[in-house]
Each structure stands twice: as C-alpha cells, then as structure tokens.
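# Topology and contacts: notes
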Amino acid sequence: MALRGAFRTRCGLLSLLSQRLPHGNHVRGCVSPFLSTHRRNNSTAPKIKVDFDQTAGVSIMTLQNPPVNSLSLDFLTEFCSALEKLEMDKSCRGVILTSGQPKVFSAGLDIMEMYGKSPERCGEFWRAVQEMWLKLYSSNMVIIAAINGSSPAGGCLMSMTCDYRIMADNPRYSIGLNETQLGIVAPFWFKETMVNTVGHRTTEIALQLGQLYSPTEALDIGLVDKLVPEDQIITTATQTMTKWLAVPDHARQITKSMMRKPTIDKLMSKREPDIQNFVSFITKDPIQKSLGLYLAMLKKRKS
Ligand SMILES: CC/C=C\C/C=C\C/C=C\C=C\CC(=O)SCCNC(=O)CCNC(=O)[C@H](O)C(C)(C)COP(=O)(O)OP(=O)(O)OC[C@H]1O[C@@H](n2cnc3c(N)ncnc32)[C@H](O)[C@@H]1OP(=O)(O)O
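Right, let's walk through the structure included here. This structure is a prediction, so every number in the text was calculated from the model and none was measured.

## Section: the sheet that holds strand β1 (residues 48-53)
Strand order in this open sheet of six strands is β1-β2-β3-β4-β6-β8, and the pairing throughout is mixed. This sheet does not close on itself; its edge strands, each paired only once, are β1 and β8 (226-228). Taken pair by pair, the neighbouring strands of this sheet meet at an average axis angle of 20°, ignoring direction. Alignment of strand β3 (residues 94-99) against strand β4 (residues 142-147), held across five bridges, turns out to be parallel.

Pasting the structure below:
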C-alpha cells in the first residue's frame with residue numbers, strides 16, 4: 001500500500017514545489033523530467049571543517065558542501081571519517097554541528113545520488129546514509145546541532161540525531177521530514193528517530209503530511225529545543241555544551257544509550273534488508289520519474 005501510494009508522486013511533488021515557491025513564483029507549464037546537466041560540487045576541497053578547542057574538549061564541525069550541504073556519498077564518507085576521528089580522540093567530549101553555507105543547514109540527501117544511478121551505487125549510497133545515522137545517534141560525545149538554515153528531510157534526520165538542537169529564529173527557514181511530499185517514504189529508522197524526539201502522534205501527522213515546520217512551530221512541537229538570533233547560535237551552542245559537559249560522561253553516556261539502543265539495534269539487525277528495500281524502491285521507474293521532475297522543478301523555480 002505504501003509503495004502504491006508513493007507511486008502517485010507527480011501530484012505530491014507539484015504541490016510541494018508550488019507550496020515552496022516564494023512570492024507566487026509558481027511552476028509554469030510542463031517541466032521535462034530529463035536533466036542533462038546538474039551543477040555538482042566536484043571540488044576536492046574538504047567538505048567538513050573541524051575546529052577543535054583542546055581546552056574545552058569541544059569540536060565545531062562545519063558542513064561545507066556547496067551550494068546546500070546535500071548529503072552525497074563523498075560528503076557522507078568524509079563526514080563519517082571526521083566524526084570517527086573525534087570519537088576516538090578521548091580529549092574531544094563534545095561536537096557542535098553547523099553549516100558554513102548561507103541559509104541552509106542541509107538540504108538532506110543528495111537527490112542526484114538517487115537519480116539515474118545503478119542499483120549497486122544506490123546500495124553503496126544507502127549504506128553511507130545508515131553509517132552517518134549510526135555514528136551520530138550512538139556517539140558517546142555530546143552532539144549539539146546549531147541549525148543556521150533550512151533543514152529538510154535528511155537534514156532534519158541529521159539534526160534529530162543530536163542531543164540538543166538550537167535553531168536560528170528566522171521564519172524563512174524550515175525543518176521537517178518532508179519525504180512524502182516527494183513521493184518517497186521515510187524509512188522506519190527515520191520515523192523512529194522522530195518518534196523518539198517529538199512523540200508518536202506528532203510524528204504520525206508530520207510524516208503523513210511531509211510537514212516542514214517554521215522555527216517557531218518546530219519549537220512548539222519539540223523538534224528543536226531553543227531558538228536564538230542567527231548571530232548568537234554558536235555562542236549559545238557553546239554555552240549549552242558547557243552545561244552538558246558538566247554531567248559526568250559515563251552516567252550521561254549510559255543514559256543516552258539506554259534511550260537510543262532499541263532503535264539502533266533494530267537498524268543494526270536489519271541493515272542489509274533495509275538497503276535492499278531502498279534500492280528496489282528508489283530504482284523503480286515511477287520513483288525515478290518523480291525524482292527527475294522534482295530536480296527539474298528545483299532548478300526551474302530559480303529562473
Ligand atoms: C517503503 C520504503 C522503502 C524504502 C525507503 C525508500 C526511500 C527513502 C528514500 C529517501 C529518503 C530521502 C530523504 C531526503 O533527504 S530526500 C531530499 C529532500 N530534500 C529536499 O526536498 C530539499 C530540496 N531543496 C530545497 O528545498 C532547497 O534547495 C533549500 C530550501 C534546501 C535551499 O533553497 P535555496 O533557494 O537556497 O537553494 P536552491 O536554489 O533551491 O538550490 C541550490 C541548488 O542545489 C540543488 N539542490 C537543492 N537541494 C538538493 C538536494 N537535496 N539534492 C541535490 N541537489 C539539491 C538545487 O537543485 C540547485 O541546483 P542548481 O544550482 O540549480 O544546479
């Protein structure tokens with residue numbers, strides 16, 4: 001049933017894009033799903049900047065994958081490797097995640113990684129998405145998200161893996177799991193991460209509608225924990241970190257694990273079927289057509 005519903009994607013995509021277009025700039029006419037070019041970030045520049053304050057034991061990880069910090073395979077690989085290094089460094093007890101790109105924390109999974117790719121490549125990509133989630137969600141460090149821009153879908157997932165979320169109080173920004181609006185389905189571990197964050201009923205509504213929330217709405221439902229003016233986001237995250245690091249590590253870590261272990265264990269025991277499920281879903285023709293349309297519309301709304 002879920003798959004059948006998800007195949008009715010054209011309508012969902014169009015309605016999402018027309019909702020998102022600023023100031024009545026609606027999609028006009030028919031958009032070709034065929035994309036001959038797409039500006040890619042093929043740069044070899046580091047996609048993650050790590051600034052470690054040895055005295056405080058805190059690293060700031062700045063996401064810098066222009067233009068919108070989409071989670072590509074390269075980005076995820078570099079991110080996991082940087083996080084693993086910090087995890088293994090006993091002098092690093094806390095991480096602040098933030099974006100180096102204007103207006104966007106992360107645009108979520110890189111749609112180009114799911115469009116027109118071989119099943120093998122899609123599988124490799126999905127394993128990297130799982131790995132990012134597993135590393136963040138099970139980290140022994142305190143992780144605080146300093147959400148200084150929009151954070152849809154995978155960007156919201158990334159934020160929800162953190163222990164505390166501070167968002168810039170700018171009504172132009174939005175956050176949420178909007179997958180259904182793209183005609184795709186948030187996997188069970190996305191869903192459970194959201195349930196663990198905002199509760200079952202709120203998640204049920206949010207996921208079915210593919211709802212994106214303004215910062216004020218996100219604060220209301222508990223999707224973020226604090227709103228601050230954008231220029232205060234890092235100082236607030238640093239102050240919050242000091243409070244969290246005042247708690248003895250072992251007690252905090254065991255408590256965190258107790259809260260999150262059932263969800264982590266569930267994905268660990270279903271990793272391969274979850275990859276197969278994703279590959280078989282995403283490579284279906286109707287899903288591919290929808291993703292193509294969505295990408296084309298993302299570009300078109302600029303012109
Ligand atoms: C039964 C179930 C079985 C299995 C499970 C199956 C499926 C689950 C599968 C997938 C789950 C996916 C989760 C995701 O994360 S999907 C990604 C969703 N993301 C979005 O919808 C965000 C789209 N982007 C935006 O809304 C905006 O770009 C923005 C608000 C983030 C920023 O707006 P701006 O106005 O600042 O920037 P733009 O001009 O829109 O974009 C600039 C540039 O970047 C390109 N782009 C934007 N987002 C993405 C993206 N996610 N991936 C790739 N590329 C992206 C955009 O096209 C522009 O490109 P050009 O400069 O025109 O080349």
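## Structural notes on the pairing of strand β2 (residues 58-63)
Along β2, six of the six residues are buried, which leaves the element largely enclosed by surrounding structure. The side-chain alternation of β2 yields two buried faces, one formed by Val-58, Ile-60 and Thr-62 and the other by Ser-59, Met-61 and Leu-63. The pairing of β1 with β2 spans six bridges and is antiparallel. Opposite Ile-48, over in β2, you have Leu-63 as the bridge partner. In this structure, the hairpin formed by β1 and β2 is closed by a connection of four residues, where Gly-57 is found at a positive phi of approximately 70°. Relative to β3, β2 runs parallel, the two sharing six bridges. Bridge pairing links Ser-59 to Val-95 in β3. Following the chain from β2 across helix α3 (residues 73-88) to the adjacent parallel β3, one finds a crossover that is right-handed.

## With respect to the site of the ligand
Around the ligand, the surrounding shell holds 33 residues, and the nearest of these are Ala-107, Gly-108, Leu-109, Ala-153 and Gly-154. Elements supplying a minimum of two residues to the shell around the ligand: α1 (2-7), α11 (271-282) and α12 (285-300). Of the residues forming the shell around the ligand, the biggest block, four residues, is contributed by α11. Tallied by class, the residues present in the shell around the ligand amount to 20 nonpolar, seven polar and six charged.

## Focus: the packing of helix α4 (residues 119-137) against helix α10 (residues 249-269)
Look at α4 against α10: their axes get within 11 Å of each other, and the N-to-C directions meet at 155°. Of the possible angle classes, the one that applies to α4 and α10 is roughly antiparallel. For the pair α4 and α10, the sense of crossing is left-handed. On the side of α4, the interface is formed by Gln-130, Leu-134 and Tyr-137, while α10 contributes Arg-260, Ile-264 and Leu-267. Of the residues belonging to the contact of α4 with α10, the class tally is four nonpolar, one polar and one charged.

## Points about helix α7 (residues 200-209)
Buried residues of α7: Thr-203, Ala-206 and Leu-207, and no others. In a view along the axis of α7, the buried residues occupy a sector of 90°, so they form one face of it. Away from its buried face, by an angle of more than 90 degrees, α7 presents the exposed residues Arg-201, Ile-205 and Gln-208. Against β7 (175-176) and α6 (188-198) lie the buried residues of α7. Just downstream of α7 lies Gly-210, where phi reads positive at about 60°.

## Looking at the environment of Ile-147
Inspection of the secondary structure puts Ile-147 in strand β4. A tally of 31 C-beta atoms within 10 Å means that Ile-147 is categorised as buried. Taking the C-alpha atoms as reference, Ile-147 lies 25 Å from Thr-255; in sequence the two are 108 residues apart. Apart from residues no more than four positions distant in its own chain, Ile-147 is found in contact with Phe-105, Ser-159, Arg-165, Ile-166, Met-167, Ala-168, Ile-175 and Val-224.

What counts and how
- Residues numbered from 1 in each chain as written.
- Predicted model: local features only at pLDDT ≥ 70, side-chain atom pairs only at ≥ 80, totals over all residues.
- Pairing = 2+ DSSP bridges.
- Helix = DSSP H or I, 4+ residues; strand = E, 2+ residues; numbered from the N terminus.
- Axes fitted to C-alpha atoms, helices over the stretch in contact; angles between N-to-C directions.
- Buried ≥ 20, exposed ≤ 12 C-beta atoms within 10 Å, placed from the backbone.
- Right-handed = clockwise from strand over helix to strand, strands pointing away.
- Near = placed C-beta within 6 Å.
- Nonpolar A, V, L, I, M, F, W, Y, C, P; charged D, E, K, R; others polar.
- Parallel < 35°, antiparallel > 145°, perpendicular 65-115°, else oblique.
- Left-handed = near helix turned anticlockwise from the far one by under 90°.
- Contact = placed C-beta atoms within 7 Å.
- Arc of directions from axis to C-beta.

Remember that the coordinates give geometry; whether it matters functionally is a separate question.
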